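Coordinate inspection notes
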Amino acid sequence: MLAGGLAGALASAVTNPLDVAKTVLNTQEEARLGKTQTHLTGMVTALRRIYETNGASGFMRGMRPRIIYQAPAAAICWSIYELFKSVLGFQAGEQVELPTAASTVTATGVAVAPSA
């Protein structure tokens, strides 16, 4: 559970600049942009605008709430995944025959051609 939470926190921190740019792109309105500002058309222009307006610290806006939300969510998600994997009896590398499929699925979810 701890590893899942740390992974979620790290992933949130690393991808936060892209999330900030996405939020800027999604929330632009003509009234707020005014006549002097241009409509942002892509990720590069949004990243450039964030840097011009707020500097490097602008990319870190909202990081704390995002980590507080994502870390527990990732911990719960990975815990549930591992729980069901063990309940269903999957072992690493084990192949499981699917009753209606013509292929075999490994514990990692990779489809393998049936052996003749």
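Our subject is the structure listed above.
Our subject in this report is the structure included herewith. (Residues numbered from 1 in each chain as written. Predicted model: local features only at pLDDT ≥ 70, side-chain atom pairs only at ≥ 80, totals over all residues. Heavy atoms only, no water.)

1. What about the overall build of the protein chain?
Rules: For the purposes of this entry, the term helix denotes a DSSP run of H or I that reaches at least four residues, the term strand denotes a run of E that reaches at least two, and both are numbered from the N terminus. Under the scheme applied here, a residue whose accessible area is under 20% of the maximum for its type counts as buried, over 50% as exposed, and between as partly exposed, the area being computed with a 1.4 Å probe on protein chains only. Throughout, a contact is declared for two residues whenever any of their heavy atoms are within 4.5 Å. Shrake-Rupley sampling with a 1.4 Å probe provides the accessible areas, and residues are treated as covered by the protein chains on show and by no other component.
Scanning the protein chain from N- to C-terminus turns up 4 helices and 3 strands. Secondary structure elements of the protein chain, listed N to C terminal, follow the sequence α-α-α-α-β-β-β. Within the protein chain, buried positions represent 22% of all 116 residues. In the protein chain, the share of contacts with a sequence separation of at least 24, taken over all contacts with a separation of at least 6, comes to 48%. Carbon and sulfur atoms make up 64% of the accessible area of the protein chain, which amounts to about 8500 Å² in all.

2. Digging into the nonpolar core
Filter applied, for reference: As used here, the term nonpolar core means buried Ala, Val, Leu, Ile, Met, Phe, Trp, Tyr and Cys residues forming a set that is joined through side-chain atoms within 4.5 Å.
Val20, Ala21, Leu40, Ala46, Ile50 and Phe59 form the largest nonpolar core, which has 6 residues in total. Listing elements by their share of this core, those giving two or more residues are helix H1 (2-27) and helix H3 (43-54). Residues contacting Ala21, with those up to four places away along its chain left out, are Met43, Ala46, Leu47 and Ile50.

Functional significance is not addressed by these values, which are geometric in nature.
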